[in-house]
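Residue strings, one per chain:
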Amino acid sequence: IGTDQVAKSAPDGYTLLAASSGPYSIAPNLQKLPYEPLKDFAPISLISAAPFALVTHPNFPAANLKEFIALVKANPDKYTFSSSGTGATAHLITEYFNSSADLKARHIPYKGSAPALTDIMNGQVGYTFETVASVIGHVRSGRLKAYGVSFARRSSAMPEIPTAAESGLTGFDIGAWIGFVAPAGTSREITTRIAAEVRKAMNAPDLKERYISLGMDAVANTPDEFTAMLRREQERYGAIVKRAGIQPVD
């Protein structure tokens, strides 16, 4: 609803959208929308990156990600993975991980992250990828075991956990994000100026620390860089949806 509202707003620089991967990059591949993300907005800059972490019950019989992959690969369809719902970011990232590692496991969708993680902590489901923000407390308390994070660089909030790429999945680099976009037609002068101010803000030490406390990383890029990234993201999630056989909703 919010995304559609901004798409129909005046391109004067006074109405911005804090766009996110769900409604912007994933939803277009799953349902008919009243807006077109790649046409109806003028990208400005990323403002945050939210890494996901692969987590299991603490007693899962693998010491590291390489052992995890070997175990699940050797037992097709034996293990289950949960998500906050079919087509959710967590679901698609886990599907992407499974295909990247050549794993076959059964998807158990839930209505939200909390019940999806609860059943992993109870030992009823095998694994999932969920945001660092939602799992960090459980990992540090010993209720969950983390094997790797989803971005190519380590999470500032959980620097002790290696990346999936470090553990052998070369090129694995995916996660949630938030970024500012304006209505299409907003002048280049306005988007460039706002992007420059965003970069200044994201480099402020106090803001970086605040983001880390929320399980995210403060990031920024240029309008051109963000535009190219958004195109890649929509195409990539489209490929994940197709490969996983998820049917779009009319």
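Source: prediction; values computed, not measured.

The rules behind each value
- Residues numbered from 1 in each chain as written.
- Predicted model: local features only at pLDDT ≥ 70, side-chain atom pairs only at ≥ 80, totals over all residues.
- Heavy atoms only, no water.
- Helix = DSSP H or I, 4+ residues; strand = E, 2+ residues; numbered from the N terminus.
- Rg over C-alpha atoms; globule rule 2.2 N^0.38 Å.
- Areas by Shrake-Rupley, 256 points an atom, 1.4 Å probe, with all protein chains shown as cover.
- Contact = heavy atoms within 4.5 Å.
- Buried < 20%, exposed > 50% of the residue type's maximum accessible area, 1.4 Å probe, protein only.
- Pairing = 2+ DSSP bridges.
- Core = buried A, V, L, I, M, F, W, Y, C linked by side-chain atoms within 4.5 Å.
- Phe/Tyr/Trp six-rings, centres within 6.5 Å; stacked < 30°, edge-to-face > 60°.
- pLDDT = per-residue confidence, 0-100.

Turning to the overall build of the protein, a few remarks are in order. Counting secondary structure elements, the protein contains nine helices and nine strands. In terms of overall dimensions, the protein is globule-like: its C-alpha atoms have a radius of gyration of 19 Å, near the 18 Å expected for 250 residues. The dimensions of the protein, computed from C-alpha atoms along their principal axes, are 55 × 45 × 30 Å. Counting every atom, the protein has about 11,800 Å² of accessible surface; 53% of that belongs to carbon and sulfur.

Right, let's get into the environment of Ser150. Mapped onto the elements, Ser150 comes out in the loop between strand E7 (145-149) and strand E8 (176-183). Each C-alpha atom, one on Ser150 and one on Glu130, is 9.5 Å from the other, the two residues being 20 residues apart in sequence. Once residues lying within four places of it in the same chain are set aside, the contact partners of Ser150 are Pro51, Phe52, Phe129, Phe172, Asp173, Ile174 and Gly175.

The subject of this paragraph is the pairing of strand E3 (residues 52-56). Of all five residues in E3, five are buried, a share of seventy percent or more. Taking every second residue as pointing to the same face, both faces of E3 are buried, with Phe52, Leu54 and Thr56 on one and Ala53 and Val55 on the other. Here E3 pairs with strand E6 (residues 127-131) via five bridges, running antiparallel. The residue of E6 that forms the bridge with Val55 is Thr128. As paired strands, E3 and E7 are joined by four bridges and run antiparallel to one another. Looking at the pairing, Val55 lines up with Ala146 of E7.

Right, let's get into the nonpolar core. Formed by 43 residues in total, the largest nonpolar core has its most connected members in Phe68, Phe97 and Tyr127. When residues of this core are traced back to their parent elements, those giving at least two are strand E2 (41-50), E3, helix H3 (65-73), helix H4 (89-101), E6, E8, helix H7 (188-202) and helix H9 (223-244). At six residues, H4 tops the list of elements feeding residues into this core. Residue contacts for Phe97: discarding those within four places in its chain leaves Leu54, Leu65, Phe68, Ile69, Leu103, Tyr127, Phe129, Leu169 and Phe172.

What follows covers the sheet that holds E8. Paired through their backbone hydrogen bonds, the strands of a sheet run either parallel or antiparallel. Pairing is antiparallel across the open sheet formed by four strands, whose spatial order is E1-E8-E2-E9. Each edge of the sheet is formed by a strand with only one pairing partner; in this case those strands are strand E1 (17-20) and strand E9 (217-218). Sheet analysis places E1 next to E8, joined by four bridges and oriented antiparallel. Residue pairing across strands places Ser20 opposite Ile178, the latter belonging to E8.

By the definition in use, this model includes 15 aromatic pairs. With centroids separated by 6.2 Å and ring planes inclined at 45°, the aromatic side chains of Phe68 and Phe97 adopt a geometry described as tilted. A residue pair is termed long-range when its members are at least 10 positions apart, and Phe68 in helix H3 and Phe97 in helix H4 qualify at 29 residues. In this structure, Phe68 and Phe97 share a single accessibility class: buried. Residues Tyr96 and Phe172 carry aromatic rings whose centres are separated by 5.2 Å and whose planes lie at 25° to one another, so their mutual orientation is stacked. One end of the pair, Tyr96, is in helix H4; the other, Phe172, is in the loop between E7 and E8, and 76 residues separate them in sequence. Phe172 matches Tyr96 in its accessibility class, with the two residues each being buried. Counting every residue linked through ring pairs, the aromatic cluster contains Phe60, Phe68, Tyr79, Phe81, Tyr96, Phe97, Tyr127, Phe129, Tyr147 and Phe172.

Right, let's get into the confidence of the model for the protein. Atom-level detail of predicted coordinates should not be read off regions where pLDDT is low. When pLDDT is averaged along the protein, the result is 95; 99% of the residues meet or exceed 70. Within the protein, E3 carries the highest mean pLDDT (98), whereas helix H2 (residues 21-26) carries the lowest (92).

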